[in-house]
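# Results of the structural survey
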Amino acid sequence: MDLIQLNKELSSLSAEDRLAYICPLFSDGLVFSTSLGQEDQVITFLIAKQKLPIEIFTLDTGRLYQESYDLLDRTVARYKIPVRVYFPDAAKVEAMVYEKGVNSFYESVENRKECCFLRKVEPLNRALLGAKVWITGLRAEQSENRHNLEFAEFDENRQLLKLNPLLDWSYEDMLQFITENNIPYNPLHDKGFPSIGCAPCTRAIEPGEDIRAGRWWWEASQKECGLHQEKIPANKQVN
């Protein structure tokens, strides 16, 4: 099935059915990366509800909010499913901190991207080794960079299918679903944090600010860390 046909099929399904639809197409290698944000908590709920054969993992950068660790603990206890935690390479982080300081990411976009790469991108690449399908909580509404995404894409760099089951959900859709299903979420969301990453790099936003304004607020950039950047050929065949 090619991507055009796959996206046509997925577009008519609910998020729950999109996850269920993709599983029989692959015998194994389905993984879901959760950042423990509200979108990802919804997907974790849907995976647990349907008992889908999808491995769940998260990235511990070493600089997360305590509330994020507490939520991970509550989530595992609630749904009785394991979540694998990947850490950055300690030696590489130690070398960066020794050379540039513990808060070098404030000094330049280049330093910030280096920190994101070591703490997030490199561990993600390890987590995705051998995976065939990478499920994410991306929504088109989250940022201008994500408006052109599809439900199913092919990640050329990692050679796997990327599935975005919540792509067409609005922020209001997500909040309503969380409330209706009593899904646990990070209490920082109720304190003005629509997006929660590392503690030094995330702040609450003011009324009227862009939803991504709280991420790396001291710099003018595309507000991305490099996890979700690749070219997607429309006619790619999915095996």
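What comes next concerns the included structure. (Residues numbered from 1 in each chain as written. Predicted model: local features only at pLDDT ≥ 70, side-chain atom pairs only at ≥ 80, totals over all residues. Heavy atoms only, no water.)

### A word on the overall build of the protein chain
Selection rule: Under the scheme used here, helices are H or I runs from DSSP no shorter than 4 residues and strands are E runs no shorter than 2 residues, and both carry numbers assigned from the N terminus. Throughout, exposure labels follow a simple rule: accessible area from a 1.4 Å probe, protein chains only, divided by the maximum for the residue type, with under 20% read as buried, over 50% as exposed, and the rest as partly exposed. The contact definition used throughout considers only heavy atoms, calling two residues in contact when any of these lie within 4.5 Å. Note on areas: these come from Shrake-Rupley sampling with a 1.4 Å probe, and a residue is covered only by the protein chains present in the view.
Check the secondary structure of the protein chain and you find seven helices and six strands. When the helices and strands of the protein chain are read in sequence order from the N terminus, they spell out α-α-β-α-β-α-β-α-α-β-β-β-α. For the protein chain, buried positions account for 50% of its 239 residues. In the protein chain, the proportion of contacts linking residues at least 24 apart, taken out of those at least 6 apart, comes to 71%. Summed over its atoms, the accessible surface of the protein chain is roughly 11,800 Å², and 52% of this surface lies on carbon and sulfur atoms.

### Side note on the packing of aromatic side chains
Test applied: Here a Phe, Tyr or Trp ring, Trp counted by its six-membered ring, pairs with any other such ring whose centre lies within 6.5 Å, and the pair is stacked when the planes are under 30 degrees apart, edge-to-face when over 60, and tilted otherwise. Counting as a charge over the ring demands two things of the Lys NZ or Arg CZ atom: a distance within 6 Å of the ring centre and an angle within 35 degrees of the ring normal.
Enumeration over the complete set of coordinates arrives at nine aromatic pairs. Judged by centre distance (6.3 Å) and plane angle (65°), the ring pair of phenylalanine 45 and tyrosine 79 falls under edge-to-face. With phenylalanine 45 in helix 3 (residues 38-50) and tyrosine 79 in helix 4 (residues 66-79), the pair connects residues that are 34 residues apart, well separated along the chain. Residue tyrosine 79 is classed as buried on the basis of its relative accessible area of 14%. Look at phenylalanine 105 and tryptophan 218: their rings are 6.3 Å apart centre to centre, the planes differ by 40°, and that puts the pair in the tilted class. Here phenylalanine 105 is found in the loop between helix 5 (90-100) and helix 6 (109-127), whereas its partner tryptophan 218 is found in the segment after helix 7 (171-180), with 113 residues between them in sequence. Given a relative accessible area of 26%, tryptophan 218 falls into the partly exposed group. Connected via pairs of aromatic rings, a cluster forms that spans Phe45, Tyr79, Trp169 and Phe177. Lying across the ring of tryptophan 216, arginine 112 places its NZ or CZ 4.1 Å from the centre.

### Notes on the environment of isoleucine 178
Mapped onto the fold, isoleucine 178 is located in helix 7. Taking relative accessible area as the criterion, isoleucine 178 reaches 4% and is therefore assigned buried. For the pair isoleucine 178 and phenylalanine 45, spaced 133 residues apart in sequence, the C-alpha separation works out to 9.4 Å. If sequence neighbours within four positions are ignored, isoleucine 178 has contacts with Gln38, Val42, Ile183 and Tyr185.

### Focus: helix 3
Operational definition: Here the expected span of a helix is defined as 1.5 Å times the quantity of residues minus one.
Taking 1.5 Å per residue, 13 residues should reach 18 Å; helix 3 reaches 19 Å between its end C-alpha atoms and fits that length. Counting buried residues in helix 3 gives 11 out of 13 residues, a clear majority hidden from the surface. Taken together, the buried positions of helix 3 are occupied by Gln38, Glu39, Asp40, Gln41, Val42, Ile43, Thr44, Phe45, Leu46, Ile47 and Ala48. Among the structural elements, helix 2 (15-22), strand 1 (30-33), strand 2 (55-59), helix 4, strand 4 (133-135) and helix 7 are those in contact with the buried residues of helix 3. The positive-phi residue at the C-terminal boundary of helix 3 is lysine 51, with phi of around 55°.

### Side note on the pairing of strand 1
This is how the line gets drawn: The rule for pairing is simple: two strands pair if DSSP sees at least two bridges between them. Throughout, right-handed denotes a crossover for which the path from the first strand over the helix to the second runs clockwise when the strands point away from the viewer.
Side chains Leu30 and Phe32 project from strand 1 onto one buried face, and the interleaved Val31 and Ser33 project onto a second face that is buried too. Inspection of the sheet shows strand 1 paired to strand 4 by three bridges, in the parallel sense. In the strand pairing of strand 4, valine 31 is matched with tryptophan 134. Bridge count between strand 1 and strand 2: three bridges; the pairing is parallel. Its bridge partner being in strand 2, valine 31 is matched across the sheet by glutamate 55. Between the parallel pair strand 1 and strand 2, the chain is carried across by helix 3, and the sense of this crossover is right-handed.

### A closer look at the pattern of salt bridges
Keep this limit in mind: Take a side-chain nitrogen of Lys or Arg and a carboxyl oxygen of Asp or Glu: if they are within 4 Å of each other, that pair is a salt bridge.
Applying the stated criterion to the full structure yields 11 salt bridges. Two residues, glutamate 219 and arginine 112, come together in a salt bridge whose shortest N-O distance is 2.6 Å. Residue glutamate 219 is found in the segment after helix 7, and its partner arginine 112 is found in helix 6; the two are separated by 107 residues along the sequence. Using a relative accessible area of 9% as the deciding quantity, one classes glutamate 219 as buried. Assessed through its relative accessible area of 1%, arginine 112 is described here as buried. Connected through salt bridges with shared partners, the residues Glu39, Arg139 and Glu141 form a single ionic network.

### Regarding the nonpolar core
In summary, soluble globular proteins display a tendency toward joint burial of nonpolar side chains. Spelled out, the test is: Residues enter a nonpolar core if they are buried and are Ala, Val, Leu, Ile, Met, Phe, Trp, Tyr or Cys, with the set joined through side-chain atoms within 4.5 Å.
In this structure, Leu19, Ile22, Val42 and Ile54 are the most contacted members of the largest nonpolar core, which totals 41 residues. In terms of residue count, the dominant contributor to this core is helix 3 (six residues). Leave out the neighbours within four places in its chain, and isoleucine 54 touches Leu19, Cys23, Leu30, Val31, Phe32, Ile47 and Ile135.

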